[in-house]
Amino acid sequence: MSSPSTTTPKGSRTKSTADFYVTGATTQFASRYDQRLSYCLYVPAAHRAAERPLPLLVIQHGTGRTGPQYRDALADFAEEHGIVVLAPLFPAGLGSDPDDLHNFKFMEHEGVRFDLALLAIVEEAAERVRIDTSRFVLHGFSGGGQFAHRFLLLHPDRLAGVSIGAPGRVTLIDPEREWWLGTRGFAERFGKPVDLDRIREVPVHLVVGSEDTETWEINNPGDTNWMDGADAVGRTRVERITALYENYRSLGIDARLDIVPGVAHNGMGVLDEVRAFTAGVFEGR
């Protein structure tokens, strides 16, 4: 007589715990790169029969750390297009300041390089699910938009496309402005120069709501995420992302700007534009 552990209903497929927890919306996994960091996935059912690695969309959270919510909002899109969605978590209060909210946005904090952490997480996820890690689409909104456009400066070779949503503080590609307002000192800080030729190869999407005009959070002199001159390119997120778009276009970067009517500072409110951009990138590969 078969034991209950090996008996399955007629016509059903034997499941393993490992398979069950890496299909659909997954649990949260600690990163081996730094176990204070973690990630979750949405893995479409298509992964079981995929003949080649599935494309990857990375959703970088903002200050509110709502990565799983974005992951879930993109579940139907992932199923429709056969795309894996990865949402990393870089927790607040990491390091010496328990009240710090902004650590990941500027790429480095107390010895942690968040760009390298993300690349490590992508490779770790590929050990669980068959995904294409060579180039992926990266989207971030608000604080995640800050991360996304700075990641572009560091790793254009890893991006199939980047979608930058409503960053409150922008880094122009401008060697006359000090990092992070611009790129002066970039090579000394990160060990490599800004590679404009490679950046020009990446499709760039910028998106913001037309009503994203509050200023209380992004004009805060004296806070840890402020530099004098941050408001020189505008007071609102609409003005600042427009300045970033104009900077990119002046340098020959293939960028498009969507200003979504009637939307305030709401990442879910611009996801249709993110879906359209992402689908276009992967359909064009």
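Residues numbered from 1 in each chain as written. Predicted model: local features only at pLDDT ≥ 70, side-chain atom pairs only at ≥ 80, totals over all residues. Heavy atoms only, no water.

**What to know about the packing of aromatic side chains**
Counting across every chain of the model gives 11 aromatic pairs. Ring centres of Phe90 and Phe104 lie 6.3 Å apart, and the angle between their planes is 50°; this geometry places the pair in the tilted category. Of the two residues, Phe90 is situated in the loop between β5 (84-89) and β6 (108-109) and Phe104 in the loop between β5 and β6; the sequence distance between them amounts to 14 residues. On the accessibility criterion, Phe90 (0% relative accessible area) is buried. Through a chain of ring-to-ring contacts, three or more aromatic side chains come together here, namely Phe90, Phe104, Phe114, Phe136, Phe147 and Phe151. One Lys or Arg, Arg128, reaches over the ring of Phe29 and ends 3.7 Å from the middle of that ring. (Phe/Tyr/Trp six-rings, centres within 6.5 Å; stacked < 30°, edge-to-face > 60°. Helix = DSSP H or I, 4+ residues; strand = E, 2+ residues; numbered from the N terminus. Buried < 20%, exposed > 50% of the residue type's maximum accessible area, 1.4 Å probe, protein only. Lys NZ or Arg CZ within 6 Å of the ring centre and 35° of its normal.)

**Focus: the pairing of strand β3 (residues 38-43)**
Within β3, 6 of the 6 residues are buried, which leaves it mostly tucked inside the rest of the structure. By the alternation rule, side chains of β3 split into Ser38, Cys40 and Tyr42 and Tyr39, Leu41 and Val43, which are all buried. Where strand β1 (residues 24-25) lies against β3, 2 bridges are found, and the strand directions are antiparallel. Its bridge partner being in β3, Ala25 is matched across the sheet by Tyr42. Pairing analysis gives 2 bridges linking strand β2 (residues 29-30) to β3, with the strands arranged antiparallel. When the sheet's bridge partners are listed, Phe29 is paired in β3 with Tyr39. In terms of strand pairing, β3 meets β5 through 5 bridges, oriented antiparallel. Each residue of the ladder has a partner; that of Leu41, found in β5, is Leu86. (Pairing = 2+ DSSP bridges.)

**Some remarks on the pattern of salt bridges**
Summed over all chains, the structure comprises 15 salt bridges. We note a salt bridge from Asp72 to Arg71, for which the minimum N-O separation is 2.6 Å. Taking the relative accessible area as the measure of exposure, Asp72 reaches 44% and is therefore partly exposed. A salt bridge links Asp115 to Arg113, with the nearest nitrogen and oxygen atoms 2.8 Å apart. Note on accessibility: Asp115 and Arg113 belong to one class, buried. (Salt bridge = Lys/Arg side-chain N within 4 Å of Asp/Glu carboxyl O.)

**Topic: the environment of Leu94**
Among the structural elements, Leu94 can be located in the loop between β5 and β6. We classify Leu94 as buried; its relative accessible area is 5%. Along the chain, Leu94 and Glu110 lie 16 residues apart, while their C-alpha atoms are 8.8 Å from each other.

**Considering a negative patch on the surface**
A grouping of Asp76, Glu79, Glu80 and Glu283 is seen on the molecular surface, where their side chains present a negatively charged patch. Counting residues per element, the negative patch draws most heavily on helix α3 (residues 75-81), at 3 residues. Here Asp76 lies in helix α3. (Patch = residues over 30% accessible without salt bridge, like charges linked within 9 Å, V, L, I, M, F, W, Y side chains within 5 Å. Areas by Shrake-Rupley, 256 points an atom, 1.4 Å probe, with all protein chains shown as cover. Lys, Arg positive; Asp, Glu negative; His and termini not counted. Charge placed at Lys NZ, Arg CZ, Asp CG, Glu CD.)

**Looking at the confidence of the model for the chain**
This prediction gives the chain a mean pLDDT of 93; 94% of its residues lie at or above 70. Ignoring residues within four places in sequence, the model shows residues 1-12, a span with pLDDT below 50, making 2 contacts including any to other chains. (pLDDT = per-residue confidence, 0-100. Contact = heavy atoms within 4.5 Å.)

**With respect to the side chain of Thr171**
Its location among the elements puts Thr171 in the loop between β9 (159-165) and α6 (186-190). Engagement of the side chain of Thr171 in a polar contact is seen with the side chain of Arg150, the distance being 2.7 Å. Excluding residues that lie within four positions of it along the chain, Thr171 makes contacts with His149, Arg150, Leu153, Trp179, Trp180, Leu181, Gly182, Thr183 and Leu244. (Polar contact = N/O pair within 3.5 Å; in protein donor to acceptor, adjacent residues only side chain to side chain.)

**Things to note about unusual backbone geometry**
Geometrically, the link from Trp179 to Trp180 is a cis peptide bond, its omega value of 10° lying close to zero. Its location among the elements puts Trp180 in the loop between β9 and α6. Even without a glycine there, the phi angle at Glu110 is positive, about 50°. Note on placement: Glu110 falls in the loop between β6 and β7 (112-113).

**Quick look at the environment of Pro98**
Along the chain, Pro98 turns up in the loop between β5 and β6. Taking the C-alpha atoms as reference, Pro98 lies 35 Å from Ile199; in sequence the two are 101 residues apart.

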